[in-house]
Each structure stands twice: as structure tokens, then as C-alpha cells.
Amino acid sequence: MKQEIQQASMKLIAETGLAIYCDDRIAFIENIKMMKNMPQAIRTEVILAILCLQGKGQLDLDGDTHTIEADDLLICHPNIIIGKSMASLDMEYRCIAISPEYIRQLVVIADNTWDVVKFFEKSPVIHLNHKETETFCQYYDLILSRLTNEPKHHLKEATDALLQAFLYEFHDTMERFVQLKPSTYSSNERLFKEFLETLTSTYPKPRMVTWYADRLHITPKYLSAVCKETSGHTASDLINKYVMKDALYLLKKSDKSIKEIVNELDFPNLSFFGKYVKRHTGLSPKQYREQISEKDKE
């Protein structure tokens, strides 16, 4: 039987000894030998940026295997399930884990959230040029040195400023890979960002638009209108997308029975779940599992 999926929080990172520095906001990870202490499957609560400097690594993200080599940067947003990972003996890397709350506090480049999330869901690995890799390492080393040296009176402010500068550099790098909308800082875009953060960080995910609208203190109709205007999709479309993402991962990667998956994802019964999966995939849960099993044998 596969191990249960654990939540990859800052606390878990600290307990495994994976980080050379870790607090409740940020962690710096570069000890590849300690990866054996990590659970076999974890659901991220943090934002991870992993830069490969040499060698090769492989990570399973939401059931798909991704390879990183020198100058490759892998980005994991919260609520991604990281499965089996492997690394070559000569692999060197730098990894920063940042809590979503800390990013929100910095209020840097608040827009473009949907553009960036969509891009990294499809392509979590980007290849940097040598100068971009060098810049990443410079910020990494500088921020880490400030946090591990003797505490100073304005340590938090200095760390925040350095991280903000790093995020601006990253934003400029992203413009090579995805066309980002100009920042307008409208109330609708901020509201959509809050909805997206609530949706992606909640597990199991409620399927009713009303549930999310209530937490944002707006009407379901207004939430759907905001989502349609900002992303081109209704709130219901986006909810179904992320509910199905969780469902298909469990059907594909877990040994749990379909009934256990129904309970875990808070569906009312097997019949409802079966119709829901078939409506979105054209296959029943059992047929989907059989299809995946046949592909694995090829």
C-alpha cells in the first residue's frame, strides 16, 4: 500500500532536516542527502522554486514526471502533490520554499496570478539562461546570509526588501515565457486572486459556488461574473477543474478504493461521483483506472 499523503508545511520541512534554514515564512533547501527523510507523497502548502545547478533530478508532480537539468527552474504552487523523486549523484541545486501568506504580505505584483498559475500547471519547468541562474543564486546567497548571520534590528525589513527585489527579477524573467497582462490592480482582479487562493488551498474542495462566495462576502452570481471577466472561465468551471484534478490523481496514483476516494473528496455517494467523473472524462472511475493500468503496462 502507498503511504498517506502528508501536508508539506514549513513545520514538516523543519522536522525532516531538509533545510539549512527554516522559519515559518521561508526555507532554504540544498541538502539532497536528506530527501530520503521526506514522505513518499506530499501535498504542498508552500511555494517551491527549485533550481538545478548541475546533474539531473526527477520529480513526480500531480502524477506526471518532470526532469530538471542544469539551469532548469521548477516551480510548484500550493496544493500540488509531489510524489517519487530521484537525483543523480552529482546533482547540485538551490531550493526556496515560501509560505503563501508571506508572499501576500509583501504585496508584490499582485496581478497576473491566473496567467502564471496556468503556465506553471502546464509547464512547471523553465530553462534559464546563465545570467538568470547567476542572479537567482546571488539573491539566494544574499538573503540566506542575512538570515543566518547575527540578527540585526532591521533584519525583517531587509529580508522583505531583498525578496521583493528577487520577485521583480523573476517577473521580468517570466515575460520570456508567458505574455503577462499589464497590472491594473482592480478590485475584481484582487477578488479573483482571493478566490483562486481559496480554491487551490482547500482540500477536499467544496463543489458549490455559494461556498466560496460566502467566504468572499459576495453573491455567487457576482463571483462567476468576476471569474469570467478575469480568466474567461466561470467559477463553476474552475471549481470543477480543480476537483477533477484531485479526483484523477487519487484514481491514478493511490491504492484507495473508489468508495474511499468518494469519502475523501466529500462526494455524497458512489453514483454521484461516477456521474461526475464520467461527465468530465467520458469514462467511469473504474474505466479510467483500467485505462491508466493498461497504459502503465505498455
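Residues numbered from 1 in each chain as written. Predicted model: local features only at pLDDT ≥ 70, side-chain atom pairs only at ≥ 80, totals over all residues. Heavy atoms only, no water.

A.B. asks: What is the right way to look at the overall build of the protein chain in this model?
C.D. replies: Within the protein chain, the regular secondary structure consists of twelve helices and eleven strands. For the protein chain, the C-alpha radius of gyration of 20 Å lies close to 19 Å, the compact-globule estimate for 298 residues. Dimensions along the principal axes, computed over C-alpha positions, put the protein chain at roughly 60 × 45 × 35 Å. Long-range contacts, defined as pairs at least 24 residues apart, comprise 70% of the intrachain contacts of the protein chain with a sequence gap of at least 6. For the protein chain, the computed accessible surface area is about 15,800 Å², with 52% contributed by carbon and sulfur atoms. (Helix = DSSP H or I, 4+ residues; strand = E, 2+ residues; numbered from the N terminus. Rg over C-alpha atoms; globule rule 2.2 N^0.38 Å. Contact = heavy atoms within 4.5 Å. Areas by Shrake-Rupley, 256 points an atom, 1.4 Å probe, with all protein chains shown as cover.)

A.B. asks: When you look at the packing of aromatic side chains in this model, what are you seeing that I'm missing?
C.D. replies: Two aromatic rings are characterised by how far apart their centres lie and by the angle between their planes. Inspection of every chain in the model, using the stated rule, returns 13 aromatic pairs. Look at Phe-192 and Phe-195: their rings are 6.4 Å apart centre to centre, the planes differ by 45°, and that puts the pair in the tilted class. Remark: Phe-195 and Phe-192 occur in helix H6 (residues 187–201); sequence separation between them is three residues, near one turn of the helix. For Phe-192, a relative accessible area of 2% corresponds to the buried category. (Phe/Tyr/Trp six-rings, centres within 6.5 Å; stacked < 30°, edge-to-face > 60°. Buried < 20%, exposed > 50% of the residue type's maximum accessible area, 1.4 Å probe, protein only.)

A.B. asks: How should I be thinking about the packing of helix H9 (residues 235–253) against helix H11 (residues 270–281) in this particular structure?
C.D. replies: Any two packed helices are characterised by the angle at which their axes cross and by the distance between the axes. Viewed as axis vectors pointing N to C, H9 and H11 meet at an angle of 105°, and their least axial separation amounts to 11 Å. Taken together, H9 and H11 sit at an angle that is classed as roughly perpendicular. The residues of H11 that touch H9, namely those facing Asn-240, Val-243, Met-244, Ala-247, Leu-248 and Leu-251, are Phe-273, Tyr-276, Val-277, His-280 and Thr-281. Residue composition of the contact of H9 with H11, by class: eight nonpolar, three polar and no charged. (Axes fitted to C-alpha atoms, helices over the stretch in contact; angles between N-to-C directions. Parallel < 35°, antiparallel > 145°, perpendicular 65-115°, else oblique. Nonpolar A, V, L, I, M, F, W, Y, C, P; charged D, E, K, R; others polar.)

A.B. asks: Looking at this model, I keep getting lost on the sheet that holds strand S6 (residues 56–61). Mind explaining?
C.D. replies: What holds strands together in a sheet is hydrogen bonding between their backbones, with the strands either parallel or antiparallel. Taken together, the five strands give an open sheet; going across it, the order is S1-S4-S9-S6-S7, and neighbouring strands pair in mixed fashion. Lying at the two open borders of the sheet, with one neighbouring strand each, are strand S1 (6–8) and strand S7 (64–69). Within the sheet, the average angular offset between the axes of one strand and its neighbour, ignoring direction, is 35°. Summarising the sheet, S6 and S7 pair through six bridges and their orientation is antiparallel. (Pairing = 2+ DSSP bridges.)

A.B. asks: How should the pattern of salt bridges be read in this particular structure?
C.D. replies: Pairs may arise between side chains of opposite charge once their charged atoms sit close together. Inspection of the entire model under this criterion finds 15 salt bridges. One salt-bridge network, held together by shared partners, links Asp-23, Arg-25, Lys-156 and Asp-160. (Salt bridge = Lys/Arg side-chain N within 4 Å of Asp/Glu carboxyl O.)

A.B. asks: What is the right way to read the sheet that holds strand S2 (residues 19–22) from this model?
C.D. replies: Here we have six strands laid out as an open sheet, ordered S2-S3-S10-S5-S8-S11, and antiparallel in their pairing. Of all strands in the sheet, those with a lone pairing partner are S2 and strand S11 (125–127), marking the two edges. Geometrically, the sheet is characterised by an average inter-axis angle of 15° between neighbouring strands, direction not taken into account. Where S2 and strand S3 (residues 26–29) come together, three bridges link them in antiparallel fashion. Looking at S3, one finds that Tyr-21 is bridged to Phe-28.

A.B. asks: Would you explain the side chain of Thr-200 in this entry?
C.D. replies: Checked against the element boundaries, Thr-200 lands in helix H6. Taking the relative accessible area as the measure of exposure, Thr-200 reaches 16% and is therefore buried. A polar atom in the side chain of Thr-200 sits 3.4 Å from the backbone oxygen of Glu-197. Residues in contact with Thr-200, not counting those within four places in the same chain, are Pro-78, Asn-79, Lys-205 and Tyr-242. (Polar contact = N/O pair within 3.5 Å; in protein donor to acceptor, adjacent residues only side chain to side chain.)

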